[in-house]
Amino acid sequence: MSDQEANEESLESSIRKDLERIAAGKRKKTERFVLAALSSIPWVGGFLSASASLDAEMEQGHVNELQREWLDEHRRKLNELGRTLADISHRIESLGPEAESRSESKEYLDLVRKGFAAWDRVDTDEKRDYVRRLLSNAAATTIADDDLVRLFMQWIEQYHESHFAVIRAIYRDPGCTRAEIWDQVHGRPVRESSADADLFKLLIRDLSTGSVIRQHRETTADGQFMRKPRTPTRRGGAPPLMKSAFDDTEGYELTELGKKFVHYVLNDVVPRIGT
């Protein structure tokens, strides 16, 4: 047997093992979850067809380099998909009968389909891990309803890792200013007229407009927001300099939506259903 034939046989064996692990390696009670996930990823069907016809192609010597690369790339993605499915399934099983019942419901399976479609579209391992956490926690808790879970999926796709870095900084230090956020995320001085400063202002604006963060506001005992006191009018006109991108006077905090997003997506530790 030539080296090329040996490599092809090894590739075929790996593909079949991956498929068997996903299709048959799950318990009966998680079948619907696995099928919902696989049905939402377009390339899985093509991969199954390619794997089924691999024997005939190899016998005829028609497996070219491009086909091998395509199969090898999708085998890698299938491995990652299998690990994600196994991780969520194990977490659901560990949380007891309420979580397992939730995982078989139509509502949760709809979230699974939407979530794995997003999992396939995002382009970083970090975002794929966010989807995994979101689906795991959506089965484990009832802190947010399913509409909010869908919103959080949209945020995962919409925002960049730089946005999430800002969210983490504010979560760790509620009430921190823009200057303090910048120090946490980057920690180096830049010019106000730089592209870095423009990008930072864009991140703050995106998250503020999206109701993820806001400037700190005082509230009454019953949760009503209080107006800020008016700033006395300065004599002599407006100051000569515009407000800095790295302002160190106004504090920022997560909105209630932002806190739930952190709980579901950026934090693996959540209470069980009913606790």
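Model, not experiment: these values are computed from the prediction.

Enquirer: Help me out: how do you make sense of the overall build of the protein in this one?
Expert: Across its full length, the protein carries 13 helices and three strands. Residues counted as buried form 42% of the 275 residues belonging to the protein. Considering only contacts within the protein whose residues lie at least 6 apart along the sequence, 78% involve residues at least 24 apart. Of the accessible surface of the protein, which amounts to about 16000 Å², a share of 50% is contributed by carbon and sulfur atoms.

Enquirer: Would you mind showing me how to read the pairing of strand β3 (residues 251–254) here?
Expert: Along a regular strand, successive side chains alternate from one face of the sheet to the other. With burial as the criterion, each face of β3 is covered, one bearing Gly251 and Glu253 and the other bearing Tyr252 and Leu254. For strand β1 (residues 176–177) and β3, the ladder comprises two bridges, and the chain directions are antiparallel. Counted as the bridge partner of Cys176 is Tyr252 from β3. Here strand β2 (residues 213–215) runs beside β3; their pairing, made up of three bridges, is antiparallel. By the bridge assignment for β3, Gln215 is matched with Tyr252.

Enquirer: Help me understand the sheet that holds β1 in this model?
Expert: Sheets are built from strands paired through backbone hydrogen bonds, the pairs being either parallel or antiparallel. Taken together, the three strands give an open sheet; going across it, the order is β1-β3-β2, and neighbouring strands pair in antiparallel fashion. Two strands in the sheet have a free side with no partner beyond their single neighbour: β1 and β2.

Enquirer: Looking at this model, I keep getting lost on the packing of aromatic side chains. Mind explaining?
Expert: Each aromatic ring pair is characterised by the separation of its centres together with the angle its planes make. Per the stated rule, a full pass over the model turns up twelve aromatic pairs. On the basis of an interplanar angle of 70 degrees and a centroid distance of 6.3 Å, the ring pair of Phe33 and Phe116 is categorised as edge-to-face. With Phe33 in helix α2 (residues 31–39) and Phe116 in helix α7 (residues 106–121), this residue pair connects regions lying 83 residues apart in the sequence. With a centroid separation of 6.1 Å and an interplanar angle of 45 degrees, the aromatic rings of Phe116 and Trp119 are classed as tilted. Note that Phe116 and Trp119 are positioned in helix α7 at a spacing of three residues, about one turn of the helix. Relative accessible area serves as the criterion here: at 0%, Phe116 is assigned to the buried category.

Enquirer: What is the right way to look at the packing of helix α10 (residues 161–172) against helix α11 (residues 178–185) in this model?
Expert: Each pair of packed helices gets described by two things: the angle between the helix axes and the distance between those axes. For the pair α10 and α11, interaxial distance at closest approach is 9 Å and the crossing angle is 115 degrees. Relative to α11, the element α10 is oriented roughly perpendicular. Here α10 and α11 pass one another in a crossing that is right-handed. Between α10 and α11, the contacting residues are Ala165, Val166, Ala169, Ile170 and Arg172 on the first element and Ile181, Gln184 and Val185 on the second. Of the residues assigned to the contact of α10 with α11, the class counts are six nonpolar, one polar and one charged.

Enquirer: Before we go on, may I ask you to explain the confidence of the model for the protein in this structure?
Expert: Segments scoring low in pLDDT should not have their predicted coordinates read at a detailed level. Residues of the protein with pLDDT of at least 70 account for 67%, and the chain-wide mean is 78. Here residues 269–275 is a poorly scored stretch, pLDDT under 50, and it has 18 contacts once near neighbours within four places are set aside; other chains count.

Enquirer: Mind showing me how you'd approach helix α8 (residues 125–140) here?
Expert: Given 3.6 residues per turn, any residue in an α-helix points the same way as the ones three and four places further on. Taking 1.5 Å of rise per residue, the 16 residues of α8 would be expected to cover 22 Å, and the 23 Å separating its terminal C-alpha atoms lies within 8% of that figure. The buried fraction of α8 is high, at 13 of 16 residues.

Enquirer: Please clarify how the side chain of Ser136 should be interpreted in this entry.
Expert: Looking at the secondary structure, you find Ser136 in helix α8. Residue Ser136 is classed as buried on the basis of its relative accessible area, which comes to 2%. Within the structure, the side chain of Ser136 is placed 2.9 Å from the backbone oxygen of Arg132, a separation counted as a polar contact. In contact with Ser136, other than residues within four places in its own chain, are Asp87, Ile88, Arg91 and Tyr108.

Enquirer: Honestly, the nonpolar core in this entry has me stumped. Any pointers?
Expert: Most often, soluble globular proteins have nonpolar side chains that are buried together. Counting residues in hydrophobic clusters, the biggest one holds 60 residues, and the most contacted among them are Tyr108 and Phe116. With seven residues, the single largest contributor to this core is α8. Ignoring anything within four residues of it in the chain, the contact list for Tyr108 reads Phe33, Ile88, Ile92, Arg102, Ser103, Leu135, Ser136, Ala138 and Ala139.

Calculation rules
- Residues numbered from 1 in each chain as written.
- Predicted model: local features only at pLDDT ≥ 70, side-chain atom pairs only at ≥ 80, totals over all residues.
- Heavy atoms only, no water.
- Helix = DSSP H or I, 4+ residues; strand = E, 2+ residues; numbered from the N terminus.
- Buried < 20%, exposed > 50% of the residue type's maximum accessible area, 1.4 Å probe, protein only.
- Contact = heavy atoms within 4.5 Å.
- Areas by Shrake-Rupley, 256 points an atom, 1.4 Å probe, with all protein chains shown as cover.
- Pairing = 2+ DSSP bridges.
- Phe/Tyr/Trp six-rings, centres within 6.5 Å; stacked < 30°, edge-to-face > 60°.
- Axes fitted to C-alpha atoms, helices over the stretch in contact; angles between N-to-C directions.
- Parallel < 35°, antiparallel > 145°, perpendicular 65-115°, else oblique.
- Left-handed = near helix turned anticlockwise from the far one by under 90°.
- Nonpolar A, V, L, I, M, F, W, Y, C, P; charged D, E, K, R; others polar.
- pLDDT = per-residue confidence, 0-100.
- Expected span 1.5 Å × (residues − 1).
- Polar contact = N/O pair within 3.5 Å; in protein donor to acceptor, adjacent residues only side chain to side chain.
- Core = buried A, V, L, I, M, F, W, Y, C linked by side-chain atoms within 4.5 Å.

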